[in-house]
Amino acid sequence: MYQFSRAIYRELAPHLGDPGPGDAVLSNHMRVLRACESTVERLATDRYYFAKPARTLFGEIRVYFPMSAQRRVYQVVCAYIGLAQRYLAQDPVAAYMAVSGKPLQCRATTRKGEACQRVPLAHNGYCPSHQHLAETEHRELAAA
Ligand SMILES: [Zn+2]
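My aim in this report is to walk through the structure given alongside it, one point at a time. (Residues numbered from 1 in each chain as written. Predicted model: local features only at pLDDT ≥ 70, side-chain atom pairs only at ≥ 80, totals over all residues.)

**Observations regarding helix 1 (residues 2-12)**
Owing to its 3.6 residues per turn, the α-helix aligns residues three or four sequence positions apart on the same side.
Reasoning step 1: All buried positions along helix 1 are accounted for by Phe 4, Ser 5, Ile 8, Tyr 9 and Leu 12. All buried residues of helix 1 lie within an arc of 130° about the axis, which places them on one face of the element. (Buried ≥ 20, exposed ≤ 12 C-beta atoms within 10 Å, placed from the backbone. Helix = DSSP H or I, 4+ residues; strand = E, 2+ residues; numbered from the N terminus. Arc of directions from axis to C-beta.)

This is the structure:
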């Protein structure tokens with residue numbers, strides 16, 4: 001997953017604006033890289049509750065870029081977050097492992113109140129015995 005945050009940062013680094021007075025050049029680079037990484041981490045671990053990742057990341061980092069680069073920044077962010085989402089949809093287990101170091105587990109809680117330990121399906125994050133929860137969730141979202 002970090003290949004996506006690194007790619008965003010690499011594309012954007014040359015466009016970074018001049019630092020404010022008393023602000024080191026390096027710190028803005030660090031902030032942008034860190035924002036890209038945390039977006040990718042959140043995507044991989046919490047993608048069902050992360051509604052607009054590209055917009056969120058753009059909102060976080062746009063202040064570090066001059067007006068003339070805003071369009072470019074937005075395009076780069078959208079392109080790579082889109083790629084990251086596609087990668088994630090194909091292999092959520094590997095993506096989760098890559099950022100958390102732990103295997104991905106079903107999103108459900110068992111009747112005993114513990115997290116379900118089973119391996120989830122790629123398309124909704126629930127294991128086969130908890131598929132019904134995905135349907136309930138879908139209905140609730142549609143109703144909201
Ligand atoms: Zn389960």
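Having seen the structure, we can now continue with the description.
**Here's the deal with the packing of helix 3 (residues 53-61) against helix 4 (residues 70-90)**
Reasoning step 1: Their axes nearest at 9 Å, the elements helix 3 and helix 4 cross at an angle of 145°. The handedness of the crossing between helix 3 and helix 4 comes out as right-handed. Judged by residue contacts, Pro 53, Ala 54, Leu 57, Phe 58 and Ile 61 of helix 3 engage Val 73, Tyr 74, Val 77, Cys 78 and Ile 81 from helix 4.
Reasoning step 2: Among the residues making up the contact of helix 3 with helix 4, the classes are represented as 10 nonpolar, no polar and no charged. (Axes fitted to C-alpha atoms, helices over the stretch in contact; angles between N-to-C directions. Left-handed = near helix turned anticlockwise from the far one by under 90°. Contact = placed C-beta atoms within 7 Å. Nonpolar A, V, L, I, M, F, W, Y, C, P; charged D, E, K, R; others polar.)

**Considering helix 6 (residues 131-143)**
Reasoning step 1: The terminal C-alpha atoms of helix 6, which comprises 13 residues, lie 19 Å apart, in line with the 18 Å expected from a rise of 1.5 Å per residue.
Reasoning step 2: With zero of 13 residues buried, helix 6 lies mostly on the surface of the structure. (Expected span 1.5 Å × (residues − 1).)

**Re the nonpolar core**
Reasoning step 1: Membership of the largest hydrophobic core comes to 25 residues, with the highest contact counts inside it found for Ile 8, Leu 57 and Val 77.
Reasoning step 2: For this core, the secondary-structure elements that each account for two or more residues are helix 1, helix 2 (25-46), helix 3, helix 4 and helix 5 (92-100).
Reasoning step 3: Leave out the neighbours within four places in its chain, and Ile 8 touches Cys 36, Val 76, Val 77 and Tyr 80. (Core = buried A, V, L, I, M, F, W, Y, C linked by C-beta atoms within 7 Å.)

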